[in-house]
Structure formats: structure tokens, C-alpha cells
Amino acid sequence: MVKTLGATLRHQAHDLFFKTVHQRYLIYNMCWEDPRIDRQLLGLDGNSTLVVLTSAGCNALDYLLDGPAEIHAVDVNPRQNALLQLKLTLIERGDFDDLEQMFRRGAHPRFRELYQAVRPRLPDYAAAFWDKKISYFDPANPKHSFYYRGTCGAVAWLVTRRLLKSGRKLRDYLFDLLDAQNLNEQRELYTRIEPALWSRFSTWLLRQPTALAMLGVPRPQIQLIQQRHSGGIVGYVNDKLRHVLTEVLIHDNYFWRAYLTGSYSERCCPNYLLPEHFSRLRADFGRIHTHNATVSDFLHTHPGEYSHFVLLDHQDWLAWHQPKALEEEWRLILENSRPGSRILLRSAGNDLGFLPEWTRRALRFFPNRTEPLHWQDRVGTYGSLHFAEVA
Ligand SMILES: C[S@@+](CC[C@H](N)C(=O)[O-])C[C@H]1O[C@@H](n2cnc3c(N)ncnc32)[C@H](O)[C@@H]1O
């Protein structure tokens, strides 16, 4: 009885901490989902009208390169949309070098001056956020980079400092791994790195609900992992890391590079930071619209026949605590789509056992397409990838 009460209180405290973090902070400084996979599945074209959760906005910019008619970037956390808006104003301003310094290197020597130049083009909520936080791009800050800011960045900073300080050899192996040109080299280096990765510190950190909340992993998602993976959260991350670092080529894996080094390299970066795409982004950035709302509220206020929905992994968040909200979201997605509309989502679980039963009759899934792509994902931390068409 006392034990159960203790666990309940601990769970409530975790949920409250997660809510507080998400109501007050920027969480994601980069999108943690692989848009190369998404674009193969989505098949966007000039008729596409897409709804996507914003996160850091990198993937909305990636999808823009396929020329969709409209992208609606929706996020309940306005700080995430403020981040996408800052990227959009820099694209609109037209100086690739500035965009590149801010978002490839994560710092700009004239960040304040540049901010003052783009500030009038930002919506009020975004200007209010960046008025307080633009020093995230200050190269003189000990963290040197935006990619160590926001709550995910803070955890990445803590973990990488610890790793990079735990010996010259490990440091060299890690940097050699990032530059490895084939899977054999990666596997060889990883066998040297792996034991150090699983120090007491990282195992302890992964068991801390606060650290997981800062990484944007809520308790329902932790429960989903613990239920489905015999090794719990540590075993899950261990398996996922080994796979992504030894079975997926790393030379263009900008996700892990940025967290380890604090920046992207010239060619190992999201597509929106490659110079050859800049004129396209400049021509089409006005097709992206941001909305500070839940997916359901957005669909209530902007009804339509959307052709694509990219839901990231946020339904894991709803599955446990808000089954009613999950049902409502699906009802609205189906009401605002047409036969053939495409839906993409990821989950920490191995399947979508949490979907309301009736959605299965309304959707056609394509596991034969998603299964092989899932194993090529450069993020590699998800349990499953799902792609469906409205029947
Ligand atoms: C689900 S999280 C996951 C992060 C993701 N895997 C990524 O690429 O970074 C992405 C974003 O969804 C937002 N979010 C969560 N639930 C939402 C909802 N019901 N409606 C709109 N946005 C939501 C969060 O604020 C967060 O910025």
C-alpha cells in the first residue's frame, strides 16, 4: 500500500515536471526524425497540403524542397514555432552565410546585430521569445553552440562533456567514428567505444525521469518501452544505439554528429543548410505556416482536405493519459482528409496497439514499405515507423 502510494506520487511528480518543462522551455533544437525516409514515403508534389508537428522545423523545411502547395507546422509549444520562424526570417533575408553560421555552426559572431535586422519580420510571440534567448547563438558562451541549448541540448551537453573528458582514446574513437566511411570501420570502432558508453553515469542518467523529460520523453513513452523491451529503457537505448552506429552509414548522419560536436559539418547537415537548396527555400518559404495549437485545435480552426499528416511520435504521448484526446485527434484527421491522404508516424513501441480500434478500418497500412526503411533511419531511436493511407 505504502509502496503503491510512493510510486503514484513519483509518477505524479514526473508528469508535473514534464508538463512544466514543456510549458516553459524550448525542448528540441533539431528535429529528431529522419526526413530522408519521410520524403520517400510521403511522395509530396505541387498538390500536397501537409500538416506536420513543428518540433525544430528542420523537417518542414526539408519537405518544402519537394514543392508542396502548403505546409502547416503545428506545435502546442510556441517556442518550437519561434525557432522555425527564426529560420524562415533568415531564409527570407537571403544571406546564406548568416543562416549557415546560425544553424550549421550553431553560433554567429554578430548574432545580436543579425537578430535586430530580422526581428521586425517575426510574429510577436517569436520576437518575445528570442528577445530573451538570442544569446543561445553567442559564440563566446562556454557552450559555443545553439545545439547545446534547449532542454535536449542541455542533456546532450552534459553527456558529451562526460564522454569527451573520459580519456583521449575514447575521444579519438568517437571522432573517428563520425568520419568512418564504411560499416566495417564503424563496427570496429564501436566495439571500442561501447563499453565506455555504458558507464555508471549514462546508465544512471537514463533512469532519471527528469533527464528523460528534458529529452522530451514523457512517462507514457517510458512505460511503452519498459513494457515492450525486456532490458527496460537502458537495454532499449543500448540496442538502438548499436544498430544506428554499426548498421547505418554514419558519414551523413547529421543527427548524432550535431550532438557530439555541437555543430553540423558542411555536407553532413540537414538539407535546408546546403547551399544548393537555398534559392528554392527562398522562393517557397511563404508556403510554410506556423500554428501554436494542438493538432486537434488546429483542425477545428482550419478545416480542410489535407493530403498528408506527419505526426512524429506524439501519439505515444496521448496513448496512456489522454485516450479521449487521441480518439478526437483521429476523428478530426479523418474528417479533414480524403481517400488516399497519407499519414506518417513513429512510436517508441513496436506497434500501434494503442490506436482506437475503429481507425484500423479507416486506414490502410504499408508495413512492407516501412519495415525496411525503419532500419535505415539515421536517428534510429524509435521502435517503429508507420505509413498509412486513408481508405
Ligand atoms: C512529439 S514531439 C517529438 C519530437 C520528435 N520526435 C522530433 O522530431 O523532435 C514533437 C513536438 O510535438 C509537440 N506536441 C506534442 N503533442 C502535441 C499535440 N497534441 N499537438 C501539437 N503539438 C504537440 C511538442 O511540443 C513537440 O515540440
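Numbers given to residues run from 1 along each chain, matching the order in which its sequence is written. Where totals are concerned, whole chains, interfaces and linings use all residues; where local detail is concerned, this predicted model gives features only for residues with pLDDT of at least 70, and gives and counts side-chain atom pairs only at 80 or more. Just so you know, side-chain values use all the structure's heavy atoms and leave hydrogens and water out.

An unreviewed UniProt entry lists the protein chain under the name S-adenosylmethionine:diacylglycerol 3-amino-3-carboxypropyl transferase, with Candidatus Competibacter denitrificans Run_A_D11 given as the organism.

K.L.:
Honestly, the sheet that holds strand E4 (residues 306–310) in this entry has me stumped. Any pointers?
P.N.:
Strands belonging to one sheet form pairs held by backbone hydrogen bonds; the direction of such a pair is parallel or antiparallel. Pairs of strands are assigned from DSSP output, requiring at least two bridges between the strands. Strands are runs of DSSP state E lasting at least two residues, helices are runs of H or I lasting at least four, and both sets are numbered from the N terminus onward. If you walk across this open sheet you meet the seven strands as E3-E2-E1-E4-E5-E7-E6, and the pairing is mixed. Whereas interior strands pair on both sides, the edge strands pair on one side only; in this sheet they are strand E3 (288–292) and strand E6 (363–365). Mean inter-strand twist for the sheet, computed between neighbouring axes without regard to direction, equals 20 degrees. Strand direction decides the pairing type here: strand E2 (residues 70–75) and E3, joined by five bridges, are parallel. Paired with His-72 across the bridge in E3 is His-289. We call two residues in contact when some of their heavy atoms are within 4.5 Å. Note on geometry: axes are lines fitted to C-alpha atoms, helical ones only across the stretch in contact, with angles between N-to-C directions running from 0 to 180 degrees. Seen against the sheet, helix H4 (residues 78–93) touches E2 and E3 and runs at an angle of roughly 160 degrees to E3. Against the sheet, helix H19 (residues 323–335) makes contact with E4, strand E5 (337–347), E6 and strand E7 (384–390), and its axis sits at roughly 145 degrees relative to E5, the strand it touches most.

K.L.:
Even after reading the chapter, I still don't get the packing of aromatic side chains, so can you show me in this structure?
P.N.:
Given two aromatic rings, their pairing is described by the distance between the two centres and the angle made by the two planes. Working definition: a ring pair exists when centres of Phe, Tyr or Trp rings (six-membered ring for Trp) sit within 6.5 Å. Plane angles under 30 degrees give stacked, over 60 give edge-to-face, the rest tilted. Under the criterion given, the structure shown has 20 aromatic pairs. The side chain of Lys-87 reaches across the aromatic face of Phe-103, ending 5.1 Å from its centre. Working rule: Lys NZ or Arg CZ, within 6 Å of ring centre, within 35 degrees of ring normal, means a charge sits over the ring.

K.L.:
Can you help me understand the site of the ligand in this one?
P.N.:
Of all residues adjacent to the ligand, which total 19 residues, the nearest are Trp-32, Ser-55, Asp-75, Asp-313 and Tyr-382. A distance of 2.6 Å separates an oxygen atom of the ligand from a polar side-chain atom of Asp-75. In protein, a polar contact means a hydrogen-donor-capable atom and an acceptor-capable atom, both N or O and within 3.5 Å, with residues adjacent in sequence counting only if both atoms are side-chain atoms; elsewhere, any N or O pair within 3.5 Å suffices. Contacts to the ligand include Tyr-382, whose side-chain N or O atom sits 2.6 Å from a nitrogen atom. Burial of the ligand by the surrounding chains reaches 96%, relative to a free accessible area of 590 Å². Residues are grouped as follows: nonpolar covers Ala, Val, Leu, Ile, Met, Phe, Trp, Tyr, Cys and Pro; charged covers Asp, Glu, Lys and Arg; every other residue, Gly included, is treated as polar. Residue classes in the shell around the ligand are distributed as ten nonpolar, five polar and four charged. For this description, a residue counts as near a given molecule or strand if any of its non-hydrogen atoms is within 4 Å of it. Exposure was quantified through the Shrake-Rupley algorithm and a 1.4 Å probe, taking into account, for residues, occlusion by the shown protein chains and nothing else.

K.L.:
Please explain the side chain of Gln-85 as it appears in this structure.
P.N.:
Among the structural elements, Gln-85 can be located in helix H4. Discounting chain neighbours no more than four positions away, the residues touching Gln-85 are Leu-122, Pro-123, Tyr-125, Ala-126 and Thr-290.

K.L.:
Would you take a moment to explain the nonpolar core for this structure?
P.N.:
The nonpolar side chains of soluble globular proteins are, as a tendency, buried together. Among buried residues, the Ala, Val, Leu, Ile, Met, Phe, Trp, Tyr and Cys ones that are joined through side-chain atoms within 4.5 Å form a nonpolar core. Burial here depends on accessible area, computed with a 1.4 Å probe over protein chains only, as a share of the maximum for the residue type. Under 20% is buried, over 50% is exposed, and the range in between is partly exposed. Counting residues in each nonpolar core, the largest one holds 95 residues, and the members touching the most others are Leu-86, Phe-103, Trp-130 and Phe-137. Top contributing element to this core by residue count: H4, with seven residues. Sequence-distant contacts of Leu-86, defined by excluding residues within four places in its chain, comprise Met-102, Phe-103, Tyr-115, Val-118, Leu-122, Trp-130, Ile-134 and Phe-137. Membership of the second largest hydrophobic core comes to 27 residues, among which are Leu-174, Ile-193, Leu-212 and Ala-348.

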